[in-house]
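Analysis of the macromolecular model
For reference, the chains in residue letters:
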Amino acid sequence: MGRIQQVFARLQGEGRKALIPFITAGDPDPGLTVPLLRTLVRAGADVIELGVPFSDPMADGPTIQRASERALAKGVSLRQVLSLVATFRDEDRTTPIVLMGYANPIEAMGVGAFAAAAAAAGVDGVLVVDYPPEESADFAAALQRHAIDPIFLLAPTSSDARIAEVGALASGYIYYVSLKGVTGSATLDVAAVAARIPEIRARTGVPVGVGFGIRDAATAAAVARIADAVVVGSRLIEEIERSAAATACDNVLNLLSGIRQAIDAAAPATGEP
Amino acid sequence: MAVHDHDLPDATGHFGPYGGVFVAETLIAALDELREAYAAAQRDPQFLAEFEHDLQHYVGRPSPLYHARRWSERLGGAQIYLKREDLNHTGAHKINNCIGQALLARRMHKPRVIAETGAGQHGVATATVAARFGMECVVYMGAEDIRRQAANVYRMKLLGATVVPVESGSRTLKDALNEAMRDWVTRVADTFYIIGTVAGPHPYPMMVRDFQSVIGRECIRQMQEQCGRQPDAVIACVGGGSNAMGIFHPYLAAAGVRLIGVEAAGEGIASGRHAASLTAGQPGVLHGNRTYLLQDENGQIIETHSISAGLDYPGVGPEHAWLKDSGRAEYVGVTDGEALQAFHDLCRIEGIMPALESSHALAYAGRLAPSLARDAILLVNLSGRGDKDMHTVADKSGIRF
């Protein structure tokens, strides 16, 4: 059983929901990435999504794009991201790391070479934003050969047929995009999300995380009542952006700890495991 | 069964290994809706008749085929014929595609259209058709391009469009495209995204090519009428590649006709300051399709350079990538300096001021013609007029207005 499956199995046994923070590797400086990852674990992260910077992050809002630009200005490459993961993994053998990024840096390295290098570094899952299922059968197979979970997005506009198509390829968890828009958008309609989660879970057989638009503890708690995992990204990056390097970890710890407490305090909805 | 170049893309939008649908899940439903609507429109005689009608009465088609007799004489070789897309309404081939997509938007009941633009030509064409069809229009344009193309920005505003400056990334065309995609994903219910070139996710490369293919179809008829035969080679500039696909596509099945795409070699390929994706790039994934891209060894997209803003793009339409690999088309480079020389030559010798984009195709024709017999025929797509480029040309000549 992979690290991601272990996490969700353990949480299910405890009646808790997963907290999945997202930060961009190398933002604001590669030297801060491993300390930030450790901070996220201290604050209660169950899984960490680590963004791979890309020059043209089409599906991201301005906050994550700026994070990408800051990292690229420091020369951060996919290879360096993998070496940051390896450094983190030396000390933390349990917290799953999911890389999230775009296809081109991976294709530049070569899909097979990437899958092998990611496995060696201790990566547990990979979400490529611009690889929808119809373009990623080979990629998903390459990842699974190295026991890495291919993570896929689903959206409010995804048809039942697509949900099933994603379910056939996905393992680890599904990332449900809670609204129409890009990362960091402002509002999230919890009731609308709640209506979709059970059918996605039923059709795919993997846990469902919800992200995009979760900006505070109250929204995180509301999402925790209906989903298996809560993804928080842009809000954390804003915190890193406005912090001095010396205080970034402390500020992120405070923010994420509050969200963790709110998630744990949220009672699971009836019928949930 | 053999797959012919002219049968592509396949049902899933692929041209061999290129093309496809490389977008986030949030855009898939919109692309499905577009693909179905376009397939239905193609089978609808009323849609086709409306498109035909607007091309004739609003755009001014067919555009003339013109024998550049004096220039051919000076070059002392092949006869050069110019397809005069510069004489279209709004001054370039871009309007053909915008008419087609605006008609489709209206059919799909989308009251709002958005577009990306680099030099502003596609933005102007989109603003024009939006005014013509009474649609709200928002054009995304890199802040750097807005600075360089003030006149086109004002043209768009006169036509009622909102021009949104894009401050992210390199603040040029590719960033405007990213921003337009973000707008679309956020307002997908009421918004139609009019992409200006044969790139992006399926069905855009196919659809834009189809709308632009009127150029090549007219050429086949006009060449037969004027010369009694088809040309030895067809030459067109390639940025994203829509004018080139428009003139190439009807000729793909004509095996005896060479197809030559001319990329912007900028300050020379060796200088690294160019926009020649097919000549100097590697396959990768950007803006929804797999194609040749200018990228660094880590797969980051690099900034490009061309004197011509319309060619200043790090990717290229996936069908061109396929035609390069299959060998059906050849792709060559022309530098800023060569394009400028062709611009001046056409002004002085034929009394036609070509766009700097089109000047790349002209420059290559000028290079090729002297090596060919006097009865050889070169067909050049004169894709746009050069009025918009007067400031750039004057700058290069050290002249200030």
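Residues numbered from 1 in each chain as written. Chains lettered and ligands numbered in written order. Predicted model: local features only at pLDDT ≥ 70, side-chain atom pairs only at ≥ 80, totals over all residues. Heavy atoms only, no water.

1. Comments concerning the overall build of chain A
- Within chain A, the regular secondary structure consists of 12 helices and nine strands.
- In terms of C-alpha radius of gyration, chain A reaches 17 Å, essentially the compact-globule figure of 19 Å for 273 residues.
- Burial statistics for chain A: of 273 residues in total, 63% are counted as buried.
- A separation threshold of at least 6 residues defines the contact pool for chain A, and within that pool the share at least 24 residues apart is 73%.
- Of the roughly 9300 Å² of accessible surface on chain A, a fraction of 53% belongs to carbon and sulfur atoms.
- Looking at charge distribution, chain A has the averaged site of its 23 positive side-chain charges lying 4 Å from that of its 30 negative ones. (Helix = DSSP H or I, 4+ residues; strand = E, 2+ residues; numbered from the N terminus. Rg over C-alpha atoms; globule rule 2.2 N^0.38 Å. Buried < 20%, exposed > 50% of the residue type's maximum accessible area, 1.4 Å probe, protein only. Contact = heavy atoms within 4.5 Å. Areas by Shrake-Rupley, 256 points an atom, 1.4 Å probe, with all protein chains shown as cover. Lys, Arg positive; Asp, Glu negative; His and termini not counted. Charge placed at Lys NZ, Arg CZ, Asp CG, Glu CD.)

2. Quick notes on the overall build of chain B
- Scanning chain B for helices and strands turns up 16 helices and 14 strands.
- Taking 401 residues into account, the globule formula puts the C-alpha radius of gyration at 21 Å, and chain B, at 19 Å, falls close to it.
- By its C-alpha atoms, chain B is 55 × 55 × 45 Å across when sized along the principal axes.
- The buried share among the 401 residues of chain B stands at 64%.
- Long-range contacts, defined as pairs at least 24 residues apart, comprise 73% of the intrachain contacts of chain B with a sequence gap of at least 6.
- With the model as given, the accessible surface of chain B reaches about 14000 Å², and the carbon-plus-sulfur share is 52%.
- A gap of 4 Å separates the mean positions of the 38 positive and 45 negative side-chain charges of chain B.

3. Overview of the nonpolar core
- By size, the foremost hydrophobic cluster in this structure holds 197 residues, and its most contacted members are Leu99 and Phe114 of chain A together with Leu104 of chain B.
- If you tally residues by element for this core, the top one is helix H12 (residues 248-265) of chain A, at nine residues.
- Setting aside residues no more than four positions away along its own chain, Leu104 of chain B makes contact with Leu34, Ala37, Tyr38, Ala41, Phe47, Phe192 and Met207 of chain B.
- Membership of the second largest hydrophobic core comes to 31 residues, among which are Ala233, Val262, Ala365 and Ala369 of chain B. (Core = buried A, V, L, I, M, F, W, Y, C linked by side-chain atoms within 4.5 Å.)

4. A look at the sheet that holds strand S1 (residues 18-24) of chain A
All names here are of chain A.
- The nine strands are arranged S5-S4-S3-S2-S1-S9-S8-S7-S6 in an open sheet whose pairing can be described as parallel. A strand with exactly one partner marks an edge of an open sheet, and here the two such strands are strand S5 (149-150) and strand S6 (152-154).
- As defined by bridge partners, strand S7 (residues 174-177) adjoins strand S8 (residues 208-211) across four bridges and the pair is classed as parallel. Looking at S8, one finds that Tyr175 is bridged to Gly209. (Pairing = 2+ DSSP bridges.)

5. Structural notes on the pairing of strand S2 (residues 18-22) of chain B
Residue and element names in this part refer to chain B.
- Most of S2 sits out of view: five of its five residues are buried.
- Examined bridge by bridge, strand S1 (residues 14-15) and S2 share two bridges and lie antiparallel to one another. Along S2, the bridge assignment pairs Phe15 with Tyr18.
- Relative to strand S12 (residues 288-293), S2 is paired through two bridges, and the arrangement is antiparallel. Its bridge partner being in S12, Gly19 is matched across the sheet by Arg290.

6. Side note on the interface of chain B and chain A
- At the junction of the two partners, chain B supplies 32 residues and chain A supplies 35 residues.
- Both sides of the chain B and chain A interface together cover about 2700 Å² of buried area, and 51% of this is carbon and sulfur.
- Its largest share of buried area at the contact with chain A, chain B owes to Glu25, Arg182 and Gln300 of chain B, together 25% of the area lost on that side.
- Within the residue set of the side of chain B that touches chain A, elements represented by two or more residues are S2, helix H1 (25-42), helix H8 (173-186), strand S11 (282-286) and S12 of chain B.
- Sort the elements by how many residues they give to the side of chain B that touches chain A and H8 of chain B lands first, with seven residues.
- Grouping the amino acids of the side of chain B that touches chain A by side-chain chemistry returns 13 nonpolar, 13 polar and six charged. (Buried area = accessible area lost by both parts, 1.4 Å probe. Nonpolar A, V, L, I, M, F, W, Y, C, P; charged D, E, K, R; others polar.)

7. Considerations on the packing of aromatic side chains
- Under the defined criterion, the tally for this structure stands at 12 aromatic pairs over all chains.
- Look at Tyr175 of chain A and Phe212 of chain A: their rings are 5.9 Å apart centre to centre, the planes differ by 85 degrees, and that puts the pair in the edge-to-face class. Of this pair, Tyr175 of chain A sits in strand S7 while Phe212 of chain A sits in the loop between S8 and helix H10 (217-226), and the two are 37 residues apart along the sequence. Taken individually, Tyr175 of chain A and Phe212 of chain A each receive the classification buried, so the pair is uniform in this respect.
- Aromatic side chains Tyr193 of chain B and Tyr204 of chain B sit 6.2 Å apart centroid to centroid with 55 degrees between the ring planes, which places their arrangement in the tilted category. (Phe/Tyr/Trp six-rings, centres within 6.5 Å; stacked < 30°, edge-to-face > 60°.)

8. Structural notes on the sheet that holds strand S3 (residues 65-67) of chain B
Residue and element names in this part refer to chain B.
- Ordered in space as S3-S4-S14-S9-S10-S13, the six strands form an open sheet in which the pairing is mixed. Among the strands making up the open sheet, the edge pair consists of S3 and strand S13 (329-335). For this sheet, the mean angle separating the axes of adjacent strands, direction not counted, is 25 degrees.
- Pairing between strand S10 (residues 258-266) and S13: seven bridges, direction parallel. Its bridge partner lying in S13, Ile260 is registered against Glu330.
- Sheet strands touched by helix H14 (residues 336-350): S3, strand S4 (79-84), S10, S13 and strand S14 (377-382). Its angle to S13, the strand with the most contacts, is close to 90 degrees. (Axes fitted to C-alpha atoms, helices over the stretch in contact; angles between N-to-C directions.)

9. Considering the environment of Ile220 of chain B
- On the secondary structure map, Ile220 of chain B appears in helix H10 (residues 214-227).
- In this structure the C-alpha to C-alpha distance between Ile220 of chain B and Ser306 of chain B, which are 86 residues apart in sequence, comes to 31 Å.

10. Overview of the pairing of S8 of chain A
Residue and element names in this part refer to chain A.
- Neither face of S8 is open: one carries Val208 and Val210, the other Gly209 and Gly211, and all of them are buried.
- Where S8 and strand S9 (residues 229-232) come together, two bridges link them in parallel fashion. Bridging from a neighbouring strand, Val210 pairs with Val230 of S9.
- On the question of chirality, the crossover connecting S8 to the parallel S9 by way of H10 is right-handed. (Right-handed = clockwise from strand over helix to strand, strands pointing away.)

11. Section: the confidence of the model for chain B
Residue and element names in this part refer to chain B.
- Mean pLDDT over chain B works out to 95, with 99% of the residues at or above the 70 mark.
- Within chain B, no element has a lower average pLDDT than helix H6 (residues 143-148), which sits at 86, and none a higher one than strand S9 (residues 233-237), at 99.
- Both confidence scores are given for the complex: pTM 0.96, ipTM 0.94. (pLDDT = per-residue confidence, 0-100.)

12. Notes on the environment of Gly386 of chain B
Residue and element names in this part refer to chain B.
- In this structure, Gly386 sits in the loop between S14 and helix H16 (390-396).
- We classify Gly386 as buried; its relative accessible area is 0%.
- As for Gly386 and Cys347, which are separated by 39 residues in sequence, their C-alpha atoms are 9.6 Å apart.
- Look past the residues within four positions of Gly386 in its chain and what remains in contact with it is Phe343, Met353, Pro354 and Ala355.

13. Considering the pattern of salt bridges
All names here are of chain A.
- Evaluated as defined, the whole model comprises 51 salt bridges over all chains.
- For Arg38, the salt bridge goes to Glu91, with nearest N and O atoms at 3.1 Å. Of this pair, Arg38 sits in helix H2 (residues 30-42) while Glu91 sits in helix H4 (residues 78-91), and the two are 53 residues apart along the sequence.
- Owing to a relative accessible area of 32%, Arg38 belongs among the partly exposed residues under this scheme.
- A single salt-bridge network, built from bridges that share partners, covers Arg10, Glu14, Arg16, Asp46, Arg260 and Asp264. (Salt bridge = Lys/Arg side-chain N within 4 Å of Asp/Glu carboxyl O.)

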